[in-house]
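One-letter residues, chain by chain:
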Amino acid sequence: MNEQTIKLGSVRHKKARLGKKIGKGGFYLLVLITILCGALSTYILLIGGKNFAALLLAPALLSFMLAAWWKRDLSVLAPSKKSITDRLSYDVLSNLPISVKDNKQLFQALSNDWQSNFMLGHLTITDEAVLSAIDDSPEAFTKTWLTASQIADQNQSDAIEVGFIIASILMQSSAVKEMVVKSGNKAEDIKDIANWLARSLEAKKNDKKYYGGIGRDWANGWTPLLNRLGQNISLSIEKYGANYGWLTDSEGVKAVEAAFDNNAKAVALIGPDGIGKSSSVKALAQKLIEGKSTPNLAYHQIVGISAMDITSNAQQPGQLEALIVNLINEASKAGHIMLFIDDAQTFFSDQPGAIDASQILLKVIQSGQVPIILAMSDSDFQRLRTKSQNLSNLITPVKLQELDQAGVMRVLEDIALGTEINKKILITFSAIRAIYQLSDRFNQDMSNPGKAIKLLGESVPHVQNSVMTRETIEKTIEQISGVKVSKAAPEESSALLKMEEAIHKRMINQSHAVSVVSNALRRSRAGVSNPSKPIGSFLFLGPTGVGKTELAKSIAAIYFGDESAMIRLDMSEYQQPDDVKRLLATGENESSSLLLNIRKKPYTVVLLDEIEKAHPNILNLLLQLLDEGQLTDESGKAASFKDSIIITTSNAGAQEIRERIEKGENIEDFANQFTDNLINAGSFKPELLNRFDEIVLFRPLNPEELKQVVGLMLEEVNKTLADKNIKISLTDEAINKIVAEGNDPRLGARPMRRALQRAVENSVAQKILSGAIKEGDSVTLDVADLSSE
Amino acid sequence: MLISSFFIWWYGDGWKQVIKSIGNRTVAISDSFSVSTLLRTWFAPWKRIISYSGDSFDDKIKASLDNLFSRAVGFVVRSLVLFAALVTIIFVAVLSLIEIIVWPLLPALVPISIILGIIL
């Protein structure tokens, strides 16, 4: 034992050990003895047995004094900051033996405490594993006490708790830290979990709530209509409890409180979905109902009203306005009500499911009858400004800011703790961090902490063996949104490794292009590339009909498992400056909006054909997309492209490629020079070309390759005929004829399909109808058999 | 050692806690009975039931009487609750006072009761 750091065997230590020995069971026994002996003594005294009564009084008094000592001193042991020993909590001291020489013994003494389980459970490491890796040197032992004391200081905790010491023991050993990292955590997580524990211990201390007593509402009016049509958030909190402690002191809640304290008539909480507008209102409701607000607002109750509830209760058209007026009058007369209108835009709109109550609300807010809190997005508030300047001028706007990582993690930790208790599961710390990290991939429409909280909730049903891990979160995201976030499974890894082979089953040659794209995609899936950019971004350059689109389709089929996982836009339709708006439109039926399509289908190939024809403003947008992996709409809401593969195609320089290939040059040898030529010719800006992962050159197909293309197309025809059990093959001469008819140096292999259709499909159709080909036949077609029409 | 620490606590922090508890208990009772709210709204109309006067003299008199009645109901109910709170606070305070006085005597009562048991 290091005398400078901890002094075991002190009176405080002995008291703690005695306290543990007595325990709760002993305390109740002492109380029972007190009651029984006291009662018996009184009874005996009444029937005249003075001496027995006096004798029985002694154990009654003794057990009372012991019980009082245990309850008020032994089991509490208030810490003091005189020394580290005096600062140790009751839980620490009561578990420590008289002598502890090193960290190993210290860990063994404390490892049965719930706080130890809290630390190790959330780190997903076991007692046994830790014990084998603990640093049991005297230096580490000394450092353990100092670090534990620092953790207590940082968390403004009077006592050094068991969890702080466990965290400190883990932090002293590099072997333990390695173990922590191997189980999917970061070494810093040890301290973060200790901080989490400190917060939950602090919350436990302050869980005694006071809601104003029996006479709180006697000076307030009745609200029968509001009780029926509204949702009293404050009374729900009083009845069922709530913990919005993390929000009650937030800037947003303070701003609303200050605004009403300064006689604001209405406050609008402004921010995107998930940023915490409703939660801020609930936090305010909790603060008010607990009387922790200013005297003006203390014990006010917040009642939420929704357009849907009101409209569904209005039987006739004229009743709607009357109902709103009655609700507001009732709230006003009651004197203790604050109205909360969530999705406030539904009260200012004439769209289906909404009502236009702007005139009524204008009068109500002008009169200041009742405080009103509105929640809406920034764009809805702007719309309200345009629609009714008078109304918007009366509303005090409070813009909510998205929480930073530390803030979101705190919220998640608090909610995780509640979920663990309610669902009887363990949520590992790596799972909580994964929720934060991956919530973007799960939901692009919401802000944090809303989307992270939602992901946590959605992950609960996927929990296995009562433990929520990072894998649970990844599985949830993959099942709900289809986005691949987990490590590639063996089958998928194998498919990725054999990607070139799979692509070549669908397209002929272009080995260089296929290899470049496959390598880029493998880098991304292995997690080697930048996760804040699209999975891959490519510029496909080459003549028409050489397989650019086919390669894009192959990627969609192989990487996303579905050839239709593709958003395809012809950029020749976006040549005007105003077309940027069309590309970023957010209306419901904007099929030409890239933003809308990517929000619907984030896991996809985005194919932008003929990119060189797009307006320069659109190319500037493309720069942003490739750089940041996202585009932003008018309202400032981002749409992520981080789960998509961006493929742009262009015919620019096609003639040069053709000429060089015809001269016998190798495509790999002139690729760089070709790119320079494109920049010099002004076809593309260098900053755009530099942002693509790869610029892929496609070369024209030679006659031999065109024959193979015919072979692939014939396979497709045979697939169609497979139902009829008919198989078609072509003689070499027939293939040559189709190639000769379908080959156009300007259009590549594109006319080939038409040639095959004309020559083979027409001929086969005629033969089937005439009965020349029957089910089960295998037919070889020669030049003479090919239809010429 | 532990026995001496018991006596140190009993006549030190333990006794202080008993004294402090009078204040804590009074605050808790006052909170449960909403004493501060009731005092603030002692003469307020019961559940805000108020009549709004019309233009005529009769209407004004009628509304005033209604409001007076509502305030009277509020006053009576609140007064009863405040009285109950006062009685409870006094009762608990007396008990606490007895506790404060008896507390230091308890350790001495143990040997005294044994001796009394033997000699009586």
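Preceding this paragraph is the structure being described.
What you are looking at is a predicted structure, and each value in this text was computed from that prediction instead of being measured.

(A) The arrangement of the overall build of chain B in detail. The number of helices and strands found in chain B is 4 helices and 0 strands. For chain B, the α and β elements follow one another from N to C terminus as α-α-α-α. Over its C-alpha trace chain B gives a radius of gyration of 26 Å, far above what one expects of a compact globule, namely 14 Å for 120 residues. Structurally, chain B occupies a C-alpha span of about 85 × 35 × 15 Å along its principal axes. Residues counted as buried form 8% of the 120 residues belonging to chain B.

(B) Expanded view of the overall build of chain A. Along the backbone of chain A there are 38 helices and 17 strands. Whereas a compact globule of 789 residues would reach a radius of gyration of roughly 28 Å, chain A reaches 37 Å, over 25% beyond that. If you line up chain A on its principal axes, its C-alpha atoms span 135 × 75 × 60 Å. Across chain A, contacts joining residues at least 24 apart in sequence account for 74% of those joining residues at least 6 apart.

(C) Local environment of the nonpolar core. Residues and elements named next belong to chain A. With 142 residues, the main nonpolar core has Val267, Ala268, Leu412 and Ile435 as its most contacted residues. Per-element tally for this core: the top contributor is helix 2 (residues 50–74), with 16 residues. Once residues within four sequence positions are removed from consideration, valine 267 is found in contact with Val256, Ala259, Phe260, Ile373, Ile395, Thr396 and Val398. With 77 residues, the next largest nonpolar core counts Ala552, Val605, Met713 and Ile726 among its residues.

(D) Broad picture of the pairing of strand 5 (residues 372–376) of chain A. Residues and elements named next belong to chain A. Taken across its 5 residues, strand 5 has 5 buried, putting it largely inside the fold. The side-chain alternation of strand 5 yields two buried faces, one formed by Ile372, Leu374 and Met376 and the other by Ile373 and Ala375. Bridge analysis of strand 2 (residues 266–270) against strand 5 gives 5 bridges, and the strand direction is parallel. When the bridges of strand 5 are listed, alanine 268 appears paired with leucine 374. Both strand 4 (residues 337–341) and strand 5 contribute to a ladder of 3 bridges, which runs parallel.

(E) View of the sheet that holds strand 6 (residues 395–399) of chain A. Residues and elements named next belong to chain A. Reading across from one edge, 1-3-4-5-2-6 is the order of the 6 strands in this open sheet, with mixed pairing throughout. The sheet is open, and its two edges are formed by strand 1 (231–232) and strand 6, each paired on a single side. Summarising the sheet, strand 3 (residues 301–305) and strand 4 pair through 5 bridges and their orientation is parallel. Following the sheet pairing, glycine 304 is matched in strand 4 by phenylalanine 340. Its contacts with the sheet place helix 16 (residues 277–289) against strand 2, strand 3, strand 4 and strand 5, and it is angled at close to 150 degrees to strand 3. Strands in contact with helix 20 (residues 378–387) are strand 2, strand 5 and strand 6; relative to strand 2, the strand with the most contacts, it is inclined by about 135 degrees.

(F) Region of interest: the interface of chain A and chain B. The interface is formed by 31 residues belonging to chain A together with 32 residues belonging to chain B. Counting residues per element, the ones that place at least two in the side of chain A that touches chain B are helix 1 (11–46), helix 2 and helix 18 (319–334) of chain A. Taken together, the residues of the side of chain A that touches chain B sort by class into 17 nonpolar, 7 polar and 7 charged.

(G) Region of the structure containing helix 24 (residues 450–459) of chain A. Counting buried residues along helix 24 of chain A, 7 of its 10 residues qualify, which places the element largely inside the surrounding structure. Its buried side turned inward, helix 24 of chain A meets helix 22 (405–423), helix 23 (429–442), strand 8 (467–468) and helix 25 (470–481) of chain A.

(H) Broad picture of the environment of Val779(A). With respect to the helices and strands, Val779(A) occurs in strand 17 (residues 778–781). Here the alpha-carbon distance between Val779(A) and Met507(A), two residues 272 residues apart in the chain, equals 25 Å.

(I) Spatial organisation of the sheet that holds strand 11 (residues 605–609) of chain A. Residue and element names in this part refer to chain A. Spatially, 5 strands are ordered 10-11-14-9-15 in an open sheet, and the strand pairing comes out parallel. Only two strands of the sheet have a single partner each, and these edge strands are strand 10 (566–570) and strand 15 (694–697). The sheet shows a mean angle of 20 degrees between the axes of neighbouring strands, taken without regard to direction. Contacting strand 9 (536–541) and strand 15, helix 28 (residues 511–525) crosses the sheet at an angle of about 155 degrees to strand 15.

(J) Fine view of the environment of Leu625(A). Positionally, Leu625(A) belongs in helix 32 (residues 616–628). Take Leu625(A): there are 23 C-beta atoms within 10 Å of it, and that puts it in the buried class.

(K) Quick peek at the packing of helix 6 (residues 114–123) of chain A against helix 9 (residues 162–172) of chain A. Residue and element names in this part refer to chain A. Contact geometry for helix 6 and helix 9: axes closest at 8 Å, N-to-C directions at 45 degrees. One element, helix 6, and the other, helix 9, form an angle in the oblique class. The two elements helix 6 and helix 9 cross, and the hand of that crossing is right-handed. Residues Gln115, Ser116, Phe118 and Met119 of helix 6 touch helix 9, and the partners they reach there are Val162, Gly163, Ile166 and Ala167.

(L) Molecular detail of helix 18 of chain A. Residues and elements named next belong to chain A. Here helix 18 contains 16 residues, and its C-alpha end-to-end distance of 22 Å stays within 8% of the 22 Å for a straight helix at 1.5 Å per residue. Taken together, the buried positions of helix 18 are occupied by Leu323, Ile324, Leu327, Ile328, Glu330, Ala331 and Ala334. Taken down its axis, helix 18 places every buried residue within 155 degrees of arc, on the same side. Looking at the buried side of helix 18, the elements it contacts are helix 12 (224–229), strand 3, helix 17 (307–313), strand 4 and helix 19 (358–367). Remark: glycine 335 follows helix 18 within two positions and exhibits a positive phi of approximately 85 degrees.

(M) Structural view of the packing of helix 23 of chain A against helix 25 of chain A. All names here are of chain A. Relative to each other, helix 23 and helix 25 sit at 20 degrees, their axes nearing to 8 Å. As summarised for this structure, helix 23 and helix 25 are arranged roughly parallel, according to the angle between their axes. As helix 23 runs across helix 25, the sense of the crossing is right-handed. Between helix 23, through Ser430, Ala431, Ala434, Ile435, Leu438, Arg441 and Phe442, and helix 25, the contact on the second element is made entirely by Arg470, Thr472, Ile473, Glu474, Ile477, Ile480 and Ser481. Its residues placed into classes, the contact of helix 23 with helix 25 shows 8 nonpolar, 3 polar and 3 charged.

(N) A look at the environment of Asn725(A). Residue and element names in this part refer to chain A. Tracing the backbone through its elements, the reader meets asparagine 725 in the loop between helix 36 (703–721) and strand 16 (727–730). On the neighbour-count criterion, asparagine 725 (11 C-beta atoms within 10 Å) is exposed. Note: C-alpha distance between asparagine 725 and aspartate 777 (52 residues apart in sequence) is 7.1 Å. Each residue touching asparagine 725, except ones within four places of it in the same chain, is listed here: Glu775 and Gly776.

(O) Structural view of unusual backbone geometry. Residues and elements named next belong to chain A. Cis geometry is adopted by the peptide bond preceding proline 449, which originates at asparagine 448 and carries an omega value of 10 degrees. Along the chain, proline 449 falls in the loop between helix 23 and helix 24. In the Ramachandran plot, glutamine 156 falls in the positive-phi region, its phi being about 50 degrees despite a non-glycine side chain. The residue glutamine 156 is located in the loop between helix 8 (138–154) and helix 9 in this model. For glutamine 156, a count of 8 C-beta atoms within 10 Å gives the class exposed. Not every positive phi belongs to a glycine, and asparagine 465 is a case in point at roughly 50 degrees.

Calculation rules
- Residues numbered from 1 in each chain as written.
- Chains lettered and ligands numbered in written order.
- Predicted model: local features only at pLDDT ≥ 70, side-chain atom pairs only at ≥ 80, totals over all residues.
- Helix = DSSP H or I, 4+ residues; strand = E, 2+ residues; numbered from the N terminus.
- Rg over C-alpha atoms; globule rule 2.2 N^0.38 Å.
- Buried ≥ 20, exposed ≤ 12 C-beta atoms within 10 Å, placed from the backbone.
- Contact = placed C-beta atoms within 7 Å.
- Core = buried A, V, L, I, M, F, W, Y, C linked by C-beta atoms within 7 Å.
- Pairing = 2+ DSSP bridges.
- Axes fitted to C-alpha atoms, helices over the stretch in contact; angles between N-to-C directions.
- Nonpolar A, V, L, I, M, F, W, Y, C, P; charged D, E, K, R; others polar.
- Parallel < 35°, antiparallel > 145°, perpendicular 65-115°, else oblique.
- Left-handed = near helix turned anticlockwise from the far one by under 90°.
- Expected span 1.5 Å × (residues − 1).
- Arc of directions from axis to C-beta.

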